[in-house]
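Descriptive analysis of the structure
The residues making up each chain are set out below.
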Amino acid sequence: MATTALQGHPVHTCGELPQLGSPAPDFTVVKPDLSECTLGDLKGQKVVINIFPSVDTPVCAASVRRFNVEAAGRENTVVLCLSRDLPFAGARFCAAEGLDKVVTVSDFRNAGFAQAYGTLLVDGPLAGLHARAVVVVGEDGLVKHTELVADITSEPNYESALAAL
């Protein structure tokens, strides 16, 4: 169990982020067209996983916008923006904002990702949603960077995540 905060109040996750240098756990998430995507589908690519509670909050929306800009021009890189939102919410948001360099995905069908990556909040007002975190997986399938953001209301360290690419 890891501890983060929501507006300065401690909240806990169901586990820990994967260890640096370890094989990234596989997962199955749902894309906006309701098809499934696994980490195995992205084998051989660099993958940034931007994890957050809901795209319908200002900080989460800002992280999707920022990674969309930062993903542009990155060779062999996929950015997954992952929440427990229904897949339609991510598609609606990206369409309204003109964002086309990120892929919004959801683990609403099961908590497999949340359990494997330790990001499911187990207490506090957002219990059942994801904590804010970033994981970078290299082309070799190994974890290159992790960040559990200290307070869910803060943005992640974009520079550190992108440096890991």
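So, here's what we can say about the structure. (Residues numbered from 1 in each chain as written. Predicted model: local features only at pLDDT ≥ 70, side-chain atom pairs only at ≥ 80, totals over all residues. Heavy atoms only, no water.)

Section: the overall build of the protein chain
- Each helix and strand in the protein chain was counted, giving four helices and nine strands.
- For the protein chain, the succession of helices and strands along the chain, N to C, is β-β-β-β-β-α-β-α-β-α-β-β-α.
- A compact globule built from 165 residues would reach a C-alpha radius of gyration of about 15 Å, and the protein chain, at 14 Å, matches this within 12%.
- Across its three principal axes, the protein chain shows a C-alpha extent of roughly 40 × 35 × 30 Å.
- Here the protein chain, with 165 residues, has 49% of them falling under the buried criterion.
- In the protein chain, once contacts between residues fewer than 6 apart in sequence are set aside, the share between residues at least 24 apart is 66%.
- Accessible area of the protein chain: about 7200 Å², with a carbon and sulfur share of 53%.
- Of note, the protein chain has its 12 positive side-chain charges centred 4 Å away from the centre of its 19 negative side-chain charges. (Helix = DSSP H or I, 4+ residues; strand = E, 2+ residues; numbered from the N terminus. Rg over C-alpha atoms; globule rule 2.2 N^0.38 Å. Buried < 20%, exposed > 50% of the residue type's maximum accessible area, 1.4 Å probe, protein only. Contact = heavy atoms within 4.5 Å. Areas by Shrake-Rupley, 256 points an atom, 1.4 Å probe, with all protein chains shown as cover. Lys, Arg positive; Asp, Glu negative; His and termini not counted. Charge placed at Lys NZ, Arg CZ, Asp CG, Glu CD.)

Observations regarding a nonpolar patch on the surface
- A surface patch of nonpolar side chains, amounting to about 360 Å² of accessible area, comprises Leu34, Leu86, Phe88 and Phe108.
- Here Phe108 lies in the loop between strand S7 (103-106) and helix H3 (112-117).
- On the basis of relative accessible area, Phe108 is assigned to the partly exposed category, the value being 32%. (Patch = residues over 30% accessible without salt bridge, like charges linked within 9 Å, V, L, I, M, F, W, Y side chains within 5 Å. Salt bridge = Lys/Arg side-chain N within 4 Å of Asp/Glu carboxyl O.)

Section: the pattern of salt bridges
- For the structure on display, the rule yields eight salt bridges.
- In this structure, Glu159 engages Arg66 in a salt bridge whose closest nitrogen and oxygen atoms are separated by 2.8 Å. One end of the pair, Glu159, is in helix H4 (residues 158-163); the other, Arg66, is in helix H1 (residues 58-71), with 93 residues separating them in the sequence.
- A salt bridge links Arg84 to Asp107, with the nearest nitrogen and oxygen atoms 3.1 Å apart. Of this pair, Arg84 sits in the loop between strand S6 (77-83) and helix H2 (87-97) while Asp107 sits in the loop between S7 and H3, and the two are 23 residues apart along the sequence.
- By sharing partners, the salt bridges in this structure join Arg66, Glu70 and Glu159 into a single network.

Some thoughts on the packing of aromatic side chains
- Per the counting criterion, the structure on display carries four aromatic pairs.
- With a centroid separation of 5.8 Å and 75° between ring planes, the pair formed by Phe27 and Tyr117 is classed as edge-to-face. A residue pair is termed long-range when its members are at least 10 positions apart, and Phe27 in the loop between strand S2 (9-12) and strand S3 (28-30) and Tyr117 in helix H3 qualify at 90 residues.
- These aromatic residues form a ring-pair network of at least three members: Phe27, Phe113 and Tyr117. (Phe/Tyr/Trp six-rings, centres within 6.5 Å; stacked < 30°, edge-to-face > 60°.)

Here's the deal with unusual backbone geometry
- Residues other than glycine seldom take positive phi values, yet Leu34 does so here, at roughly 75°.
- Along the chain, Leu34 falls in the loop between S3 and strand S4 (36-38).
- In the Ramachandran plot, Asn76 falls in the positive-phi region, its phi being about 55° despite a non-glycine side chain.
- Checked against the element boundaries, Asn76 lands in the loop between H1 and S6.
- A relative accessible area of 30% means that Asn76 is categorised as partly exposed.

Topic: the environment of Thr153
- Locating Thr153 in the fold gives a position in the loop between strand S9 (143-148) and H4.
- Thr153 gets classed as partly exposed once you look at its relative accessible area, which sits at 37%.
- Of the polar contacts made by the side chain of Thr153, one reaches the side chain of Asp151; its length is 2.6 Å. (Polar contact = N/O pair within 3.5 Å; in protein donor to acceptor, adjacent residues only side chain to side chain.)

Some thoughts on the pairing of S9
- Alignment of strand S8 (residues 133-137) against S9, held across five bridges, turns out to be antiparallel. Paired with Ala133 across the two strands is Leu148, which belongs to S9.
- Linking S8 back to S9 in an antiparallel pair, the connection comprises five residues, with Gly141 at a positive phi of about 85°. (Pairing = 2+ DSSP bridges.)

Nothing here speaks to function; it is all geometry.
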